[in-house]
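So the chains spell out like this:
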Amino acid sequence: MTDLTVATPAPAAPMKSRSLWETAFLRLRRNRAAMASLVILVIYILAGVFGPMLATHPYDRVYPDFVKVPASIEPYPQLDALVPIAEEAGRRGRLDVQSVAIEGNRMIMRATSEREIDPRVTRYIDRSDLFSNAQVTSLSDDKKSIEITADVKRLRFIAGTDANGRDLFARILISIRISLMIGALATGVALVIGVLYGATAGFFGGRIDNLMMRFVDILYSLPFTFFVILLVVFFGRNVVLMFIAVGAVEWLDMSRIVRGQTIALRRREFVQAAEALGVSSSGILRRHIIPNTLGPVIIYMTLMVPKVILLESFLSFLGLGVQEPLTSLGVLIAEGARNMQGATYMLIFPAMALTILLFALNFLGDGLRDALDPKDR
Amino acid sequence: MLGYVVRRLLSAIPTLFLIITLSFFLMRVAPGGPFDRERALEAKVLANLNRVFHLDRPIWEQYFYYLKNLAQGDLGPSFIYRDFSVQQLLGNGLPVSIQLGATALVLALLIGCTLGTIAALRQNSWIDYAVIATATFGITVPNFVVAPLLSLVFGVWLSLLPAGGWDSSNSMILPVITLALPQIAVIARLIRGSTIEALRSDHVRTARAYGLPQRMVVIVHALRAACLPVISYLGPAAAALLTGSVVVETIFGLPGIGRYFVQGALNRDYTLVMGTVVIIAVFVVVFNLIVDLLYAALDPRVRYD
């Protein structure tokens, strides 16, 4: 204890700043909506990172037998649907199907034919995606009636399948990954550009500041969503371009916030002291200015992520985002809107996934703002 | 005052010019052209088409040609919609977009202001929390989720309203709700915050001290000050609402101008894209000016001369 007090005088400043973060965290812990959002967000991140690996179906696997099957906990195909498929398979093998029985994962088919049956008829059964390992269990002596058993492959689609017969749950998981990735990367791009630009303008002040902020004002007056659309339409639709385009739209506010903070910080004693000690401008920026703007930047950042995700979903909704077979929540919602007459779940599940994600991000951002905002003390 | 208006309009010209120039060259630099087809057109046909639309000229010449026509109010012919000029297309679509946007705007102002004021007067009551929750919902849920859900519930399940199309007066209801919902949310939030602040301010306390009835204090004195943030928000919001929403028009199948931009950009319909850009930019400039003038009218501290 005594050792500690001896050691502390020099790094007094970092101690103080740590306590700021501690109090902020304590306040955040008291905010129930924000904590719930944090939990939901962690679940989303885990779902985005590991979900596609653990999902039972690959997101781009097409099941032609299961186009637009509704969400269900029961495995597909359901029993009464299985029999006609088996009969159809038998008919293709030119058999008169007498009976089809399903026992667990086994299908037993009894059939007759007017001609002699070739045991290789099992191939016709195997050809369907549903049945495998078809075997002849008994063949009558005149070779005109046969009993075939086969393994039935039944699949679960807990969120149903889309219009191409792909598992919607797996597609939602991969979309969450895409959305979170774009949210994080585009925010990162905006963060780097905005912080550097704003800090430079605010730190140098005078004519440089004027010039740099004038430029920001001009960019503000442009209809920027439209320019993003133009960029995406004209220069191909790849995900990397989208990060850059979205990030390039969102850095303006960030640069303004950082500039304001920087101007306030520049007059503080510790910056003047560093200047008096002969620290270079870039050194002061890196060591003193930028770390001290962190609070507002973090607040703004958490509120920017949902904005970016929304913009990406909007572009994807218009068909300007990620391309098939990859998908995104915006694409899924657009597909759901087209198919909502017959397949409501195709709209509802992706819409819920996006809405909950946006709610969680917004509540967390609001909570962080309340926790870090010094005006609130 | 008039001098201020003229100066503002003049200062908008460089901005408009910049927007037009940027869009023009961005589009022309991009690969592809308006006459690209799955099966290539015959060389001679293509050459003729290019000549008719001046695409065979150097790009600088095309640019000045476009500017010259624009200065005369001519937006040029559409490249894709044969026999239509961009003016005709926008002229057909704009009334629809304005009708929807203006209705949504009025609705949003009425409901938003009412909800916001009630919430501010009953701060921390259940009404207040209900308004905040509604506002959070309206801001968070994007319109491309709201629109299909409304269409599904009221159009398909309940069959109360048309799920899409533009044939009866009922077909306006769902699009207007979709457009108004986020605006209601933002306006209610803004009004609530600024009314709470205004109710604590000196001039409201003075009005109370004079013994004015509560209704007068709120409506005349508090709301006048509380309107200011809403008005500065409304400038860009109104411009965006009146120029149509691509999402709402696509989902409900409406003939507005919102979808022309994306369609035009995808089809490389150069003049149509430029036309929508010009219209939107003009709306933004005009509404920002109106906002500044309204501001001066409402806030005696602001004076323009």
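Going by the structure above, here's the rest.
Residues numbered from 1 in each chain as written. Chains lettered and ligands numbered in written order. Predicted model: local features only at pLDDT ≥ 70, side-chain atom pairs only at ≥ 80, totals over all residues.

With respect to the interface of chain B and chain A
And step 1. Residue-level contacts link 27 residues of chain B with 28 residues of chain A.
And step 2. Residues that form the side of chain B that touches chain A fall into these classes: 24 nonpolar, three polar and no charged. (Contact = placed C-beta atoms within 7 Å. Nonpolar A, V, L, I, M, F, W, Y, C, P; charged D, E, K, R; others polar.)

Examining helix H6 (residues 168–204) of chain A
All names here are of chain A.
And step 1. The end-to-end C-alpha separation of H6 is 53 Å, in line with the 54 Å expected for 37 residues at 1.5 Å each.
And step 2. Burial of H6 is extensive: 29 of the 37 residues sit out of reach of the surface.
And step 3. Downstream of H6 by one or two residues, Gly205 has phi in the positive range, about 60 degrees. (Helix = DSSP H or I, 4+ residues; strand = E, 2+ residues; numbered from the N terminus. Expected span 1.5 Å × (residues − 1). Buried ≥ 20, exposed ≤ 12 C-beta atoms within 10 Å, placed from the backbone.)

Remarks on the packing of helix H8 (residues 202–209) of chain B against helix H9 (residues 214–242) of chain B
Residue and element names in this part refer to chain B.
And step 1. Viewed as axis vectors pointing N to C, H8 and H9 meet at an angle of 150 degrees, and their least axial separation amounts to 10 Å. Put simply, H8 runs roughly antiparallel to H9. Between H8 and H9 the crossing geometry is right-handed. Contact residues: H8 offers His203, Val204, Ala207 and Arg208, while H9 offers Val217, His221 and Ala222.
And step 2. Residues of the contact of H8 with H9, tallied by class, amount to four nonpolar, two polar and one charged. (Axes fitted to C-alpha atoms, helices over the stretch in contact; angles between N-to-C directions. Parallel < 35°, antiparallel > 145°, perpendicular 65-115°, else oblique. Left-handed = near helix turned anticlockwise from the far one by under 90°.)

Quick word on the packing of H6(A) against helix H9 (residues 239–266) of chain A
Residue and element names in this part refer to chain A.
And step 1. One can describe the packing of H6 onto H9 by two numbers: an axis separation of 5 Å at closest approach and a directional angle of 35 degrees. For the pair H6 and H9, the sense of crossing is right-handed.
And step 2. Among the residues forming the contact of H6 with H9, the class breakdown is 21 nonpolar, six polar and four charged.

Quick notes on helix H5 (residues 126–140) of chain B
And step 1. Over its 15 residues, H5(B) extends 21 Å from the first C-alpha to the last, a length consistent with the 21 Å expected when each residue adds 1.5 Å.
And step 2. All of the buried residues in H5(B) are Val131(B), Ala135(B), Gly138(B) and Thr140(B).
And step 3. On the buried face of H5(B), the contacting elements are helix H14 (345–372) of chain A together with helix H4 (86–121) and helix H7 (173–199) of chain B.

Things to note about the pairing of strand S1 (residues 96–103) of chain A
Residues and elements named next belong to chain A.
And step 1. As defined by bridge partners, S1 adjoins strand S2 (residues 106–112) across seven bridges and the pair is classed as antiparallel. The residue bridging Val97 from the neighbouring strand is Ala111, located in S2.
And step 2. Joining the antiparallel neighbours S1 and S2 is a turn of two residues, in which Gly104 adopts a positive phi near 60 degrees. (Pairing = 2+ DSSP bridges.)

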